[in-house]
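Take a look at the letters that make up each chain.
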Amino acid sequence: MMNLAELAEYVDEAARTATEIPQISDKTPLTVEDAYAVQALSMQRRYARGEKRIGIKMGLTSRAKMVQVGVSDVIWGRLTDAMREDEGGVVSMAKYVHPRVEPEIAFLMKKPLSGNVSALEAMAAVEAVAPALEIIDSRYKAFKFDVGDVIADNSSSSGFVLGTWHSPEIDLSNLGMVLSINGRPQEIGSSAAILGNPVRSLVAAARMVASAGEELKAGDIVLAGGATAAIPMAAGQSVLLEVETLGMIGFNIGE
Ligand code: OOG
Ligand code: MG
């Protein structure tokens, strides 16, 4: 059996080389605690290669997402500068194993936040909000995993695109979200699908980072979680997300 450091190397190498791997749970399922330890150790390896932590992503904050992957715990992962893709740019499939794209809302922090906070306190720490697309890419075969697998694999974090920042005074509780591929709407939802209001995802983020002895820092980005199921990506597609009030963002997919 691999120890936690070996498991961190296992998932990190899979991510670094965009290679799919058998599930850890095939042999021994990880506890949630050990899975977060593996994630933290795998991130140390990325930071050692020069990647910078720039925020976090929340996952499985909507019913649609929980149902799609068959895991019903809210989870989180770390984002680095290397994961950011250009809005309006070309995203290369070669960097990924079997990527999917999902519609999200992003927060930009202006003050540190951690621990048990109210929605009001959370919003007081926000500088701006933006539409976002997350590219998730589980490194596991067939995009299948249990809760320990996915947490160890940095909650499938892989890429993300951010739109224009807007005032945090905009009411995020029920914004229409339409995700289109090649001009055809594929997923239609609302920001309300994200824990009833994406702000609750930020509240959960503050609590979850604190339990890892970390905090959200000024300048950090927080992705609130997919509002709808994710769509498999393929070369040649153009992806567009329109979020009511927050505007449109997109990218094209290359080989
Ligand atoms: C796990 C990551 C979930 C979200 O927004 O719910 C996630 C996965 O679906 O691979 O990013
Ligand atoms: Mg996501």
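Each residue is numbered by its place in its chain's sequence as written, counting from 1. Ligands are numbered from 1 and chains lettered from A, in the order in which they are written. The predicted origin of the model limits local features to residues at a pLDDT of at least 70 and limits the giving and counting of side-chain atom pairs to 80 or more, whereas totals for whole chains, interfaces and linings rest on all residues. The basis for the side-chain values is all heavy atoms of the structure; hydrogens and waters are excluded.

(A) The environment of Gly254, seen in detail. Only runs of H or I of at least four residues qualify as helices and only runs of E of at least two qualify as strands under DSSP, and these elements are numbered from the N terminus. Among the secondary structure elements, Gly254 is positioned in strand E12 (residues 247-254). Only protein chains enter the accessibility calculation, which uses a 1.4 Å probe. A residue is then buried if its area is under 20% of the maximum for its type, exposed if over 50%, and partly exposed in between. A relative accessible area of 15% places Gly254 in the buried class. Residues Gly254 and Ser25 lie 229 residues apart in sequence; the distance between their C-alpha atoms is 33 Å. In this description, contact between two residues means that some pair of their heavy atoms is separated by no more than 4.5 Å. Those residues in contact with Gly254 that lie beyond four places of it in its chain are Val90, Val91, Ser92, Met93 and Ala235.

(B) Spatial organisation of helix H6 (residues 198-211). Given the number of residues in a helix, its expected span is that number minus one, multiplied by 1.5 Å. Here H6 is 14 residues long and its end C-alpha atoms lie 20 Å apart, about the 20 Å a rise of 1.5 Å per residue gives. In terms of burial, H6 is a largely internal element, 10 of the 14 residues being buried. Turning to H6, its buried residues number three or more, namely Pro198, Val199, Ser201, Leu202, Val203, Ala204, Ala205, Ala206, Met208 and Val209. Gly213 sits one or two residues past H6 and shows a positive phi near 75°.

(C) Summary view of the site of ligand 1. Around ligand 1 sit 17 residues in total, of which Leu60, Lys65, Glu102, Ser156 and Gly226 are the nearest. Here an oxygen atom of ligand 1 sits 2.8 Å away from a polar atom, N or O, in the side chain of Lys65. Protein contacts shield 100% of the accessible area of ligand 1, which totals 320 Å² for the unbound molecule. A cavity here means a set of points on a 1 Å grid, drawn over the protein atoms and nothing else, where a 1.4 Å probe fits but cannot get out; a pocket is an open set with protein on both sides within 12 Å along at least five of seven lines, and a residue lines either one if it has an atom within 4 Å of a point. Each molecule is assigned to a cavity or pocket provided more than half of its atoms lie within 2 Å of the corresponding grid points. The site holding ligand 1 turns out to be the largest cavity. Broken down by secondary-structure element, the contributors of at least two residues to the shell around ligand 1 are strand E1 (53-59), helix H3 (63-69), strand E4 (100-109) and strand E5 (126-136). No other element matches the 3 residues that E1 contributes to the shell around ligand 1. For the shell around ligand 1, a count of residues per class yields 7 nonpolar, 5 polar and 5 charged. We call a residue near a molecule or strand whenever a single non-hydrogen atom of that residue lies within 4 Å of it. Residues adjacent in sequence count toward polar contacts only when both atoms are side-chain atoms; beyond that, a polar contact is any pair of N or O atoms within 3.5 Å, and within protein one must be able to donate a hydrogen and the other to accept it. Using a 1.4 Å probe, accessible areas were evaluated by the Shrake-Rupley method; residue-level cover was limited to the displayed protein chains. For this classification, the nonpolar set comprises Ala, Val, Leu, Ile, Met, Phe, Trp, Tyr, Cys and Pro, the charged set comprises Asp, Glu, Lys and Arg, and every other residue, Gly included, is treated as polar.

(D) How the structure looks around the coordination of the magnesium ion (ligand 2). Only N, O and S atoms count as donors, using a 2.8 Å limit from the metal and a wider 3.2 Å limit for Na, K and Ca, and since water is excluded some coordination spheres may look unfilled. Donor atoms from the polypeptide that bind the magnesium ion (ligand 2) are Glu102 (OE), Glu104 (OE) and Glu134 (OE), placed at 1.9 to 2.0 Å. The motif formed by the donor residues of the magnesium ion (ligand 2), counted along the single chain, is E-x1-E-x29-E. Accessibility classification places Glu102 together with Glu104 in one group, the buried group.

(E) Up close: the pattern of salt bridges. Should a side-chain nitrogen of Lys or Arg be within 4 Å of a carboxyl oxygen of Asp or Glu, the pair is scored as a salt bridge. Taken as a whole and judged by the stated rule, the model has 11 salt bridges. Here Arg46 makes a salt bridge to Glu51, at a shortest N to O gap of 3.1 Å. In this structure, the salt-bridge partner of Glu214 is Arg78, at a minimum N-O distance of 2.7 Å. A residue pair is termed long-range when its members are at least 10 positions apart, and Glu214 in the loop between H6 and strand E9 (221-223) and Arg78 in strand E2 (residues 75-80) qualify at 136 residues. Residue Arg78 is classed as buried on the basis of its relative accessible area of 4%. Ionic contacts of the salt-bridge type, sharing partners, join the residues Arg53, Arg78, Glu214 and Asp220 into one network.

(F) Seen up close, the sheet that holds E12. Strands are treated as partners if at least two bridges between them are detected by DSSP. Sheet architecture is open: 5 strands sit in the order E3-E12-E11-E7-E8, paired in mixed fashion. Since the sheet does not close on itself, it has two edges, and those belong to strand E3 (90-92) and strand E8 (184-190), each with one partner. The average angle at which neighbouring strand axes cross in this sheet is 20°, direction not considered. Inter-axis angles, ranging from 0 to 180 degrees, are taken between N-to-C directions of lines fitted to C-alpha atoms, where helices are fitted over the stretch in contact.

(G) The arrangement of the packing of helix H1 (residues 4-17) against helix H2 (residues 32-48) in detail. Here H1 crosses H2 at 60°, and the two axes come no closer than 8 Å. Here H2 runs oblique to H1, going by the angle between their axes. As for how H1 packs across H2, the hand of that crossing is right-handed. Contacts between H1 and H2 involve Leu4, Ala5, Leu7, Ala8, Glu9, Val11, Asp12, Glu13 and Ala15 from the first element and Asp34, Ala37, Val38, Leu41, Ser42, Arg45 and Arg46 from the second. Broken down by class, the residue content of the contact of H1 with H2 amounts to 9 nonpolar, 1 polar and 6 charged. Here the word oblique covers every angle except those under 35 degrees (roughly parallel), over 145 (roughly antiparallel) and from 65 to 115 (roughly perpendicular). The hand of a helix crossing depends on one turn: near helix anticlockwise from the far one by less than a right angle means left-handed, and clockwise means right-handed.

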